[in-house]
Amino acid sequence: MNAPAHPKTPSTAASASPAAPLTLPIRGMSCASCVGRVEKALRAVPGVGEVAVNLATESAHVTPDSALDPAQLIAAVERSGYAVPAAEVQLSVEGMTCASCVGRVERALQAVPGVTSARVNLATERATVEGIADPAALIAAAERAGYPATPVVSGADTRDDADRRREAEAAALRRDLTIAAVLTLPVFLLEMGAHIYPPLHHLIARTIGTQTSWYLQLVLTTAVLFGPGMRFLRAGLPALLRGAPDMNSLVAVGTLAAYGYSLVATFAPGLLPAGTVNVYYEPAAVIVTLILLGRLLESRAKGRTSQAIRHLVGLQPRTARIRRDGESIEAGIDSVRTGDLIEIRPGERIPVDGEVIEGESYVDESMISGEPLPVAKSAGAIVTGGTVNQTGAFVFRATAVGGATVLAQIIRMVEAAQGAKLPIQALVDRVTMWFVPAVMAAAALTFAVWMLFGPTPALGFALVNAVAVLIIACPCAMGLATPTSIMVGTGRGAEMGVLFRKGEALQLLRDAKVVAFDKTGTLTEGRPALTDLDLAPGFDRAPVLAAVAAVEARSEHPIARALLDAAEAGGLTLPEVTEFNSITGHGVAGRIGADMVQIGADRFMVQLGLDVSGFAATAERLAAEGKSPLYAAIGGRLAAIIAVADPIKDSTPDAIAALHDLGLKVAMITGDNARTARAIADRLGIDEVVAEVLPDGKVSALRELREGHGRIAFVGDGINDAPALAEADVGIAIGTGTDIAIEAADVVLISGSLSGVPAAIALSKATMANIGQNLFWAFAYNTALIPVAAGALYPAFGLLLSPVFAAGAMALSSVFVLGNALRLRGFQAPVQG
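It should be emphasised that the depicted structure is a prediction, and the values quoted were computed from it without experimental measurement. (Residues numbered from 1 in each chain as written. Predicted model: local features only at pLDDT ≥ 70, side-chain atom pairs only at ≥ 80, totals over all residues. Heavy atoms only, no water.)

S.K.: Looking at this structure, how should I read the pairing of strand S12 (residues 361-364)?
M.R.: A regular strand places its side chains so that they alternate between the two faces of the sheet. Only one face of S12 is covered, namely the one carrying Ser-361 and Val-363; the face carrying Tyr-362 and Asp-364 has none of its residues buried. Two elements, S12 and strand S13 (residues 375-377), share 3 bridges in a ladder whose sense is antiparallel. Across the sheet, residue Tyr-362 finds its bridge partner in S13, namely Ala-376. Here S12 runs beside strand S15 (residues 388-389); their pairing, made up of 2 bridges, is antiparallel. When the sheet's bridge partners are listed, Asp-364 is paired in S15 with Val-388. (Buried < 20%, exposed > 50% of the residue type's maximum accessible area, 1.4 Å probe, protein only. Helix = DSSP H or I, 4+ residues; strand = E, 2+ residues; numbered from the N terminus. Pairing = 2+ DSSP bridges.)

Following this line, the structure appears as structure tokens:
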């Protein structure tokens, strides 16, 4: 990853113990004297014991002898003239169940010396760490916090491993849920059934007796708690002992409290106050069963949120037919090398990017362009990995393989966006950091209040309500609220050809007030074309166009290419030109056979003594459209009026109309003269025009627009757009543009269609609204139901919330959040195409 050369080490990673050596990557060393300079600079940093700089590996190994600030090491290296690039490490983290787990893992990783930032995503179960820390130290830190971690290497195989791990986890959940449900059902019938249906209570008392019923419930509940429920105890109790309780801790404490109380009531009832001898096996067993059900539903929904990535990965074939030494061999996709010749048959998917060298066909490129019509391919045409060949067969030379293909880059962009943490997540992080300890404190307070002020049996009421508080407040929904919406939203964007390179753009785009467009290549096709050729009486189009194109071909005027393209498209043969002459400021001239052909502005025609008034109406119309008319004279007679312009893209008018419908202002920034720019703007309904702007003036133009209107998005495609894309609050690059423009952008439109701009903004608004709904549900649910679980409604209405219903509501809250996020899969763009 290309990372900044000036990482800022956070305060959480400010110091390292003497026993924690650091390895710093060093860039810019070229000889032994460089090594010496770096070693000298590092030894001067307080706290450094030993230093070993290796030129071959471009690294420095530092062993501290006292507290050491990694930021000082980086600064020392940079002062000596070298760079310490920040690296990015991705870890797959197991065992996270709620937002508090996320916060704990992040704090553990940020405390590792050399870490500049750490982001943990509950939905993807991944941590992204930037800095200079050793991956082994990061893994050790995560494991000390109670969460096993493994490094992630990008590629389809690792995604397959993740899918297999998720499937294995789902299978284990299904097994545990089945066992727990079978064991819990008799407990539920014996206890709750007897309360709901009095004849059943009398039947149990007459036959097996209440005590025997309790023994049966004990056996079955013990099997549930220490069988399927062991996962909660195994994870929750150690976390509690470490002083870092999580969701598992809440479940473990709640179920063990109910189970322990019931044990005392069963075997030593004399230890309990009179009137409090009751058993609560049934809540303990049902809580485990319901939470397992919630986990299973959550696991399934999580799997659906990552379908977009799996779909993209599935677009790449696993094998390719490679032509080597005159023979065709079937080989794995990993064995394809740049320069290999690949054979493609009808109906096959193209494995890598390349250039056609023989044969011809039509290729379905809808996965890249969104256009449903197949594209003709012949020698010299570019093909993209993942697209589908239609009827013909061809051979192409591989130009990009592995991680360099367009498809691989798209997958990386989507993965990066799905793992992003939006600014709004900071609020969630601050709340959840203290949420679980606060819930345990609330449960303890609930217990104390009921013991002191509750009715008889006070101990029973205190236990039940404290357990209900513990169970209902599990912050699973909080941790899933933001990342699941991001995953589904960015995945849906990828399906529509809108790639969010940076997840933060999802939030920033929602607040955009103005969308500014570069003109050439963005609003327009980016290549001049012949738009008008009106003939004088007595002249025919073909010979006039052939003559004009032949003369202009000898000039360097920008219109020459457009005229040549028009002549080629018409299948015209260009005549030979002699006596070519370029008249500065007027036009060009040349002889074709016996006739002189002269092309230029109206003043050139007047100088030749020709009257252009016959074309006055046409010239006025062209000027109104922002086009500069040229005239052609052949054999001393005025033959035609010509206009060449950069045509507006077909998708531009609808895209601008859709942006207006979204309540946004539209601006155009261009180097064209003001008259031409204004004419185009009027035709398209553009609100603001900034014309005659040099490339370096686009940045200041954006700043002025931002001051006047607010947050701004900029859409461009060329190298000279890169500064403006970086300056804008959100930069949107046309995917058919240059690599440097795409690298500077926050959002990439894979095809050249501008319909992706309103689609990206509408998707941003939909995703942020979805996140808002999820957070409201998660926070409002906990805020409202914790007091209810504590018994706040009992004094006025005599209502209490059973721990069983608390467990069901807690499980459903996560399922609701995931289900709500999945609604984004049905998002439709404002403009299709």
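S.K.: I keep staring at the packing of helix H28 (residues 756-790) against helix H30 (residues 803-822) and nothing clicks. Help me out?
M.R.: What describes two packed helices is the angle between their axes and the distance between those same axes. Interaxial distance between H28 and H30 falls to 9 Å at its minimum, and their mutual angle equals 170°. Between H28 and H30, the angle falls in the class roughly antiparallel. Along the contact surface, H28 presents Asn-770, Gln-773, Asn-774, Trp-777 and Tyr-781, while H30 presents Ala-806, Ala-809, Met-810, Ser-813, Phe-816, Val-817, Asn-820 and Ala-821. Among the residues making up the contact of H28 with H30, the classes are represented as 8 nonpolar, 5 polar and no charged. (Axes fitted to C-alpha atoms, helices over the stretch in contact; angles between N-to-C directions. Parallel < 35°, antiparallel > 145°, perpendicular 65-115°, else oblique. Contact = heavy atoms within 4.5 Å. Nonpolar A, V, L, I, M, F, W, Y, C, P; charged D, E, K, R; others polar.)

S.K.: Just checking my understanding: could you explain the environment of Val-48 for this structure?
M.R.: Among the secondary structure elements, Val-48 is positioned in strand S2 (residues 48-54). With 25 residues separating them in the primary sequence, Val-48 and Leu-73 have C-alpha atoms 9.0 Å apart. Not counting chain neighbours up to four residues away, the residues in contact with Val-48 comprise Leu-42, Arg-43, Val-62, Thr-63, Pro-64, Asp-65, Leu-68 and Leu-73.

S.K.: Would you take a moment to explain the UniProt feature "transmembrane region" (unreviewed entry) in the chain for this structure?
M.R.: When the UniProt feature table is mapped onto this chain, "transmembrane region" (unreviewed entry) is found at residues 177-194, 214-237, 249-268, 280-297, 431-453, 459-482, 775-794 and 800-822. Taken end to end, residues 214-237 has its terminal C-alpha atoms 26 Å apart, with 83% of it in helix and 0% in strand. Each end of residues 280-297 is marked by a C-alpha atom, and these two atoms are 26 Å apart; helix forms 94% of the span and strand 0%. (UniProt positions renumbered as here; feature names shortened; annotations may be inferred.)

S.K.: I would appreciate a short explanation of the sheet that holds strand S24 (residues 637-645) in the present structure.
M.R.: For sheets, the rule is that strands pair by backbone hydrogen bonds, running either parallel or antiparallel. Strand order in the open sheet made by the 6 strands is S19-S24-S23-S22-S21-S20, with antiparallel pairing throughout. What marks the edges here is a single partner per strand, and that holds for strand S19 (529-535) and strand S20 (578-583). Neighbour to neighbour, the strand axes of the sheet diverge by 20° on average, direction disregarded. Direction of pairing for strand S22 (residues 595-600) relative to strand S23 (residues 630-634): antiparallel, over a ladder of 4 bridges. Pairing of Gly-600 across the sheet is with Tyr-631, part of S23.

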